[in-house]
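# A look at the structure
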Number of protein chains: 2
Amino acid sequence: MPSSADMPGQDVRVARTRADVARAALAVLRAAGFDDLTHARVAEQAGYSKTTLYAHWPSRLDLLRLALDALGTLPHPRPTGDLRTDLVAELTAFRGSLADLRLDRVLCGLADGSAGADAAPLRDRITAEAQYGLRVLLAPRFAGARLDAALSMLTGVVACPSLMVGALPDDAALAAAVDMLIGSGEDSVR
Amino acid sequence: MPSSADMPGQDVRVARTRADVARAALAVLRAAGFDDLTHARVAEQAGYSKTTLYAHWPSRLDLLRLALDALGTLPHPRPTGDLRTDLVAELTAFRGSLADLRLDRVLCGLADGSAGADAAPLRDRITAEAQYGLRVLLAPRFAGARLDAALSMLTGVVACPSLMVGALPDDAALAAAVDMLIGSGEDSVR
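Residues numbered from 1 in each chain as written. Chains lettered and ligands numbered in written order. Predicted model: local features only at pLDDT ≥ 70, side-chain atom pairs only at ≥ 80, totals over all residues.

## Structural notes on the overall build of chain A
Check the secondary structure of chain A and you find nine helices and zero strands. When the elements of chain A are put in sequence order from the N terminus, they spell out α-α-α-α-α-α-α-α-α. If you line up chain A on its principal axes, its C-alpha atoms span 65 × 40 × 25 Å. Here chain A holds 190 residues, and the buried ones make up 42% of them. When contacts within chain A are restricted to residue pairs at least 6 apart in sequence, long-range pairs at least 24 apart make up 56% of them. (Helix = DSSP H or I, 4+ residues; strand = E, 2+ residues; numbered from the N terminus. Buried ≥ 20, exposed ≤ 12 C-beta atoms within 10 Å, placed from the backbone. Contact = placed C-beta atoms within 7 Å.)

Set out below in structure tokens:
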């Protein structure tokens, strides 16, 4: 962003409003989840009128985009160089983000047929961000369909249990998934 | 179900209505998905009044339960005895069921906070049915956290891509997932 000294007054105000609303949208997403990320809730949180919000960001997806802007990147732990340790740390961080932002509900909302064509780029942005650290760790070891499958498997271990059994995976499940994937489990050849 | 000869006339009529509505609910689920599994759609499909449906099955979850009753079990291919072949066949069958019934949308709907306390048993029923064949194949090889993780990983390979990248996994991704899990992949020790 250019410094405010370079910007006309109106642009400065719009940028400040955007930053305020983005922070408010992220706070609502964290506190209430995507299902309740509404103009009314964000307007109240930000201290702006609903009219102002609708004028600049007419859809709920716009509010989600602002919240993601305010978030920046998801936390990715710094790699230690030990693949097992680093993969477990990534999955643990992803589990934290999933819980923090209720990302499963966000992805469900974006997959809803009524979400419209704007949903796919947002979904892809969240997926890319969620898988970024795993991809960095796995790309030197796997390629092609195996890389895709490995990313789906590890992402699935974190994201699927909340949909399929109503709970996040525990530490043992994350470690077991990594062990099976990289072949260092108890029953594989060492 | 007792034979109709054992049942008073009213029970027979209720049972016939239930069967008709269950088949209609399954047809709507297949054609339109859980988001459009409404009393109006099912009543129209079944040729009964909405009033009748609401009287017996007041919630949308009741309609989903009927649809699952009409479905019976998901298709599970008969095992051949070759673990790799059987796991790939199970994943392929699960991918077909996911597409046929839009199970990802059903699970999203059941995970919605507004779905209420009745949602969890239905979710568990779908998950148990989806994982049944995989569990039979994996239970002799894995236990505890490793079995849970293996089930999540393989289920995740099928169910997560539709939410995370908007497409079902191709055959290569399913085969790669199985190879990595059972350690017969190209880069593992044979």
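## Looking at the relation of the copies chain B and chain A
Superposing chain B onto chain A takes a rotation of 180 degrees plus a shift of 0.0 Å along the axis, which leaves an RMSD of 0.0 Å. Viewed as a symmetry operation, the transformation between the two copies matches a two-fold axis. Here 100% of the contact residues of chain B are again contact residues in chain A; the copies associate through an equivalent surface. (Least-squares fit on C-alpha atoms with pLDDT ≥ 70 in both.)

## With respect to the interface of chain B and chain A
Counting from both sides, the interface comprises 39 residues of chain B and, opposite them, 39 residues of chain A. When residues of the side of chain B that touches chain A are traced back to their parent elements, those giving at least two are α6 (103–111), α7 (119–138), α8 (144–164) and α9 (171–182) of chain B. Ranked by the residues each element gives to the side of chain B that touches chain A, the list is headed by α8(B), at 16 residues. Among the residues forming the side of chain B that touches chain A, the class breakdown is 23 nonpolar, ten polar and six charged. (Nonpolar A, V, L, I, M, F, W, Y, C, P; charged D, E, K, R; others polar.)

## Thoughts on the nonpolar core
Judged by nonpolar contacts, the single largest core of 114 residues is most densely connected at Ala25(A), Val157(A), Ala177(A), Ala25(B), Val157(B) and Ala177(B). Apart from the residues lying within four places of it in its own chain, the contact partners of Val157(B) are Ala149(A), Ser152(A), Met153(A), Gly156(A), Leu91(B), Pro169(B), Ala173(B), Leu174(B) and Ala177(B). (Core = buried A, V, L, I, M, F, W, Y, C linked by C-beta atoms within 7 Å.)

## Here we look at unusual backbone geometry
Leaving glycine out, the prevailing phi sign among residues is negative, and the prevailing peptide bond configuration is trans. Positive phi outside glycine occurs at Arg102(A), with the angle close to 50 degrees. Among the secondary structure elements, Arg102(A) is positioned in the loop between α5 (83–101) and α6 (103–111).

## Some details on the environment of Leu101(A)
Residues and elements named next belong to chain A. Here Leu101 is to be found in helix α5. Residue classification places Leu101 among the buried positions, given that 20 C-beta atoms sit within 10 Å. Considered as a pair, Leu101 and Gly113 are twelve residues apart in the sequence and their alpha carbons are 22 Å apart. For Leu101, the residues in contact, after removing those within four places along its chain, are Leu29, Arg30 and Val106.

## Observations regarding the domain arrangement of chain A
Residues and elements named next belong to chain A. For chain A, the domain assignment lists domain 1 (4–71) and domain 2 (83–182). Relative to domain 2, the C-alpha centre of domain 1 lies at a distance of 27 Å. With ten residues of domain 1 in contact, the opposing surface of domain 2 contributes eleven residues. Contributing elements (two or more residues each) for the side of domain 1 that touches domain 2: α1 (9–32) and α4 (60–71). When residues in the side of domain 1 that touches domain 2 are grouped by element, the largest group, four residues, is from α4. Grouping the amino acids of the side of domain 1 that touches domain 2 by side-chain chemistry returns five nonpolar, two polar and three charged. (Domains from an automatic or database assignment.)

## A look at the UniProt feature "DNA-binding region" (unreviewed entry) in chain A
Annotation from UniProt places "DNA-binding region" (unreviewed entry) at residues 38–57 of chain A. Each end of residues 38–57 of chain A is marked by a C-alpha atom, and these two atoms are 11 Å apart; helix forms 75% of the span and strand 0%. (UniProt positions renumbered as here; feature names shortened; annotations may be inferred.)

## Some remarks on the packing of α5(A) against helix α8 (residues 144–164) of chain A
Residue and element names in this part refer to chain A. Put simply, α5 and α8 touch, their axes get as near as 10 Å, and they point 30 degrees apart. Our classification of the angle between α5 and α8 gives roughly parallel. Judged by the twist between their axes, the crossing of α5 over α8 is right-handed. Together, Leu91, Phe94, Arg95 and Leu98 of α5 and Leu154, Val157, Val158, Ala159 and Ser162 of α8 make up the contact between the two elements. Considering only residue class, the contact of α5 with α8 consists of seven nonpolar, one polar and one charged. (Axes fitted to C-alpha atoms, helices over the stretch in contact; angles between N-to-C directions. Parallel < 35°, antiparallel > 145°, perpendicular 65-115°, else oblique. Left-handed = near helix turned anticlockwise from the far one by under 90°.)

## So, the UniProt feature "domain: HTH tetR-type" (unreviewed entry) in chain A
Feature annotation in UniProt places "domain: HTH tetR-type" (unreviewed entry) on residues 15–75 of chain A, given in this structure's numbering. Helix makes up 74% of residues 15–75 of chain A and strand makes up 0%, while its end C-alpha atoms are separated by 25 Å.

## A word on the environment of Leu181(B)
Mapped onto the elements, Leu181(B) comes out in helix α9. For the pair formed by Leu181(B) and Pro161(B), sequence separation is 20 residues and the distance between their alpha carbons is 18 Å. Once residues within four sequence positions are removed from consideration, Leu181(B) is found in contact with Met180(A), Ala150(B), Met153(B) and Leu154(B).

## Some words on the packing of α5(A) against helix α7 (residues 119–138) of chain A
Residues and elements named next belong to chain A. Relative orientation of the contacting elements α5 and α7 amounts to 175 degrees, with a least axis distance of 9 Å. Relative to α7, the element α5 is oriented roughly antiparallel. Every residue of α7 that contacts α5 at Leu83, Asp86, Leu87, Glu90 and Phe94 is listed here: Ala130, Gly133, Leu134 and Leu137. Here the residues of the contact of α5 with α7 sort into six nonpolar, one polar and two charged.

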